[in-house]
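Reading the structure
Listed below, chain by chain, are the residues.
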Amino acid sequence: METLIPAWVDGVLTPTGKLAAHQLGYRHKAVSVFVMSGTRTLIQQRALSKYHTPGLWANTCCTHPHWDEDPLVCANRRLEQELGIYGLTPQHRDQIEYRADVGNDLIEHEVVDLYTAQADQSLCVTPNPDEVMAFEWIELEQLKVKVAEQPEMFTPWLKIYLAEHSDRIFTASV
């Protein structure tokens, strides 16, 4: 059974199949998490079996909440399912919206709840090979340089987050 995600269809939030939401470019809910240790952030390389953006580097975790799923519950669920990360306390940073072509005639038009979580780099990370093929802790400034020099290696949303929303994600809470 296909996962139903919250998407706006004709202006009404409706349970919609995830693939259909991307094929039709529907605006839909999403969650993105950045796990950080000081000025380093944990990034992941998406598994080659992913139906869009396979093999590209992304933020720690990004997904779509199930219909009626709380975004924070979703953030924790996907940290566990994608990377085997348990016990963090993600903090809501902001909500942003973006639209991007992700290849294969698919569109991400997301209303994203952004979360950050602090962790030590010794954090136990156990990637699910169906989701993640590699991970890396990287200095934020080094990540920005890599994205500028080799943009084809990174997901559209990570490039958008860094270019347009860095202050909302990486600036310490006051």
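Just above sits the structure.
So, here's what we can say about the structure.

Rules and cut-offs
Residues numbered from 1 in each chain as written. Predicted model: local features only at pLDDT ≥ 70, side-chain atom pairs only at ≥ 80, totals over all residues. Heavy atoms only, no water. Helix = DSSP H or I, 4+ residues; strand = E, 2+ residues; numbered from the N terminus. Buried < 20%, exposed > 50% of the residue type's maximum accessible area, 1.4 Å probe, protein only. Contact = heavy atoms within 4.5 Å. Polar contact = N/O pair within 3.5 Å; in protein donor to acceptor, adjacent residues only side chain to side chain. Pairing = 2+ DSSP bridges. Axes fitted to C-alpha atoms, helices over the stretch in contact; angles between N-to-C directions. Parallel < 35°, antiparallel > 145°, perpendicular 65-115°, else oblique. Left-handed = near helix turned anticlockwise from the far one by under 90°. Nonpolar A, V, L, I, M, F, W, Y, C, P; charged D, E, K, R; others polar. Salt bridge = Lys/Arg side-chain N within 4 Å of Asp/Glu carboxyl O.

**Quick word on unusual backbone geometry**
Across residues other than glycine, the phi torsion is negative in most instances, and most of the peptide bonds are trans. The phi dihedral of Asp10 falls on the positive side, at around 50°, and the residue is not glycine. In this model, Asn104 sits at a positive phi of 55°, which is unusual for a non-glycine residue. Counting through the fold element by element, Asn104 comes out in the loop between strand 7 (91-101) and strand 8 (107-118). Under the relative-accessibility criterion, Asn104 is labelled exposed at 62%.

**Remarks on the environment of Lys159**
If you trace the backbone, Lys159 turns up in helix 4 (residues 156-164). When residues no more than four places from it in sequence are discounted, the contact partners of Lys159 are Val147, Pro151 and Phe154. One polar contact links the side chain of Lys159 to the main-chain carbonyl oxygen of Pro151, over a distance of 3.1 Å.

**Topic: the pairing of strand 7**
Judged from the 10 bridges that link them, strand 7 and strand 8 form a sheet pairing that is antiparallel. If you follow Tyr98 over to strand 8, its bridge partner there is Glu110. The loop that links strand 7 with its antiparallel partner strand 8 comprises 5 residues; one of these, Gly103, has a positive phi angle of about 90°.

**Quick look at the packing of helix 3 (residues 140-149) against helix 4**
Viewed as axis vectors pointing N to C, helix 3 and helix 4 meet at an angle of 120°, and their least axial separation amounts to 11 Å. On the basis of the axis angle, helix 3 is oblique to helix 4. At the point where helix 3 passes helix 4, the crossing takes the left-handed sense. Note on element contacts: helix 4 touches helix 3 through Leu158, Lys159 and Leu162, opposite Leu140, Leu143, Lys144 and Val147. By residue class, the composition of the contact of helix 3 with helix 4 is 5 nonpolar, no polar and 2 charged.

**Focus on the pattern of salt bridges**
Once the charged atoms of two side chains with opposite charge are near each other, the side chains can pair. With the rule as written, the count across this model stands at 9 salt bridges. Notably, a salt bridge pairs Glu139 with Arg40, separated by 3.5 Å at the nearest N-O pair. In this pair, Glu139 is assigned in strand 9 (residues 132-139) and Arg40 in strand 4 (residues 40-46), connecting sequence segments 99 residues apart. Take Glu139: its relative accessible area is 30%, and that puts it in the partly exposed class. Accessibility expressed as a relative area gives 24% for Arg40, which makes it partly exposed. The salt bridge partner of Glu82 is Arg78, with a shortest N-O separation of 3.1 Å. Note that Glu82 and Arg78 are positioned in helix 2 (residues 71-83) at a spacing of 4 residues, about one turn of the helix. Taken as a pair, Glu82 and Arg78 share a single burial class, namely buried. A cluster of three or more residues bridged by salt bridges with shared partners is formed by Lys50, Arg78, Glu82 and Glu131.

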